[in-house]
Amino acid sequence: MNSKTVVLFGVLIAAALSPLAVLAQTSATPAKQGDAKSDQSGDMAQGEIQKVDTDTGRITIKHGEIKNLGMPGMTMVFATKDKSIADKVKTGDKIRFKAVNENGKLIVTEIAQDK
Ligand SMILES: [Cu+2]
């Protein structure tokens, strides 16, 4: 084999393997999404508490991307599934939280301090 043959051989192998690599990635993607849905920690978004209303259980969160809701980062008010969730946090807390869309209403179902 001269060097030109080696290079050509390498290119052929790369060309032959790349559709396989694409195929492997494509078939892996739906499985990954399925995992993210069943894995609760994968649904946790990052945020910082801006305001807590313990009377109504509403909390204002400056949040990062919320993947399960398809929402980019912003500051907004969330209701909580249980008022005890709002009691666990205070303004300025860095948190991880899970939010769901329940009939168009965004509700925080889980909250944890982000250390
Ligand atoms: Cu938002």
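Residues numbered from 1 in each chain as written. Predicted model: local features only at pLDDT ≥ 70, side-chain atom pairs only at ≥ 80, totals over all residues. Heavy atoms only, no water.

1. Observations regarding the coordination of the copper ion
Listed as protein donors to the copper ion are His63 (NE2), Met71 (SD), Met74 (SD) and Met76 (SD); their distances from the metal cover 2.0 to 2.6 Å. Between consecutive donors of the copper ion, the numbers of intervening residues give the motif H-x7-M-x2-M-x1-M. The class for Met74 is partly exposed, based on a relative accessible area of 33%. (Donors = N, O, S within 2.8 Å, 3.2 Å for Na, K, Ca; no water. Buried < 20%, exposed > 50% of the residue type's maximum accessible area, 1.4 Å probe, protein only.)

2. With respect to the pattern of salt bridges
Per the stated rule, a full pass over the model turns up 3 salt bridges. For the salt bridge of Lys94 with Glu48, the shortest nitrogen-to-oxygen distance reads 3.5 Å. Of this pair, Lys94 sits in strand β4 (residues 94–102) while Glu48 sits in strand β1 (residues 45–53), and the two are 46 residues apart along the sequence. According to the relative accessible area criterion, Glu48 is partly exposed, its value standing at 25%. (Salt bridge = Lys/Arg side-chain N within 4 Å of Asp/Glu carboxyl O. Helix = DSSP H or I, 4+ residues; strand = E, 2+ residues; numbered from the N terminus.)

3. Examining the confidence of the model for the protein
Confidence in the prediction of the protein, expressed as mean pLDDT, is 81, and 67% of residues score 70 or more. Across residues 27–40 the pLDDT falls below 50, and counting only partners more than four positions away or on other chains, this stretch makes 4 contacts in the model. (pLDDT = per-residue confidence, 0-100. Contact = heavy atoms within 4.5 Å.)

4. Digging into the sheet that holds strand β2 (residues 58–63)
Reading around the barrel, the 5 strands line up as β1-β2-β3-β5-β4 and close back on themselves, with mixed pairing between neighbours. Within the sheet, the average angular offset between the axes of one strand and its neighbour, ignoring direction, is 55 degrees. Sheet topology places β4 next to strand β5 (residues 105–113); 8 bridges connect them, and they run antiparallel. The residue of β5 that forms the bridge with Phe97 is Ile111. (Pairing = 2+ DSSP bridges. Axes fitted to C-alpha atoms, helices over the stretch in contact; angles between N-to-C directions.)

5. A few points about unusual backbone geometry
A positive phi angle, near 55 degrees, is found at Asn103, a position not held by glycine. Residue position: Asn103 is located in the loop between β4 and β5.

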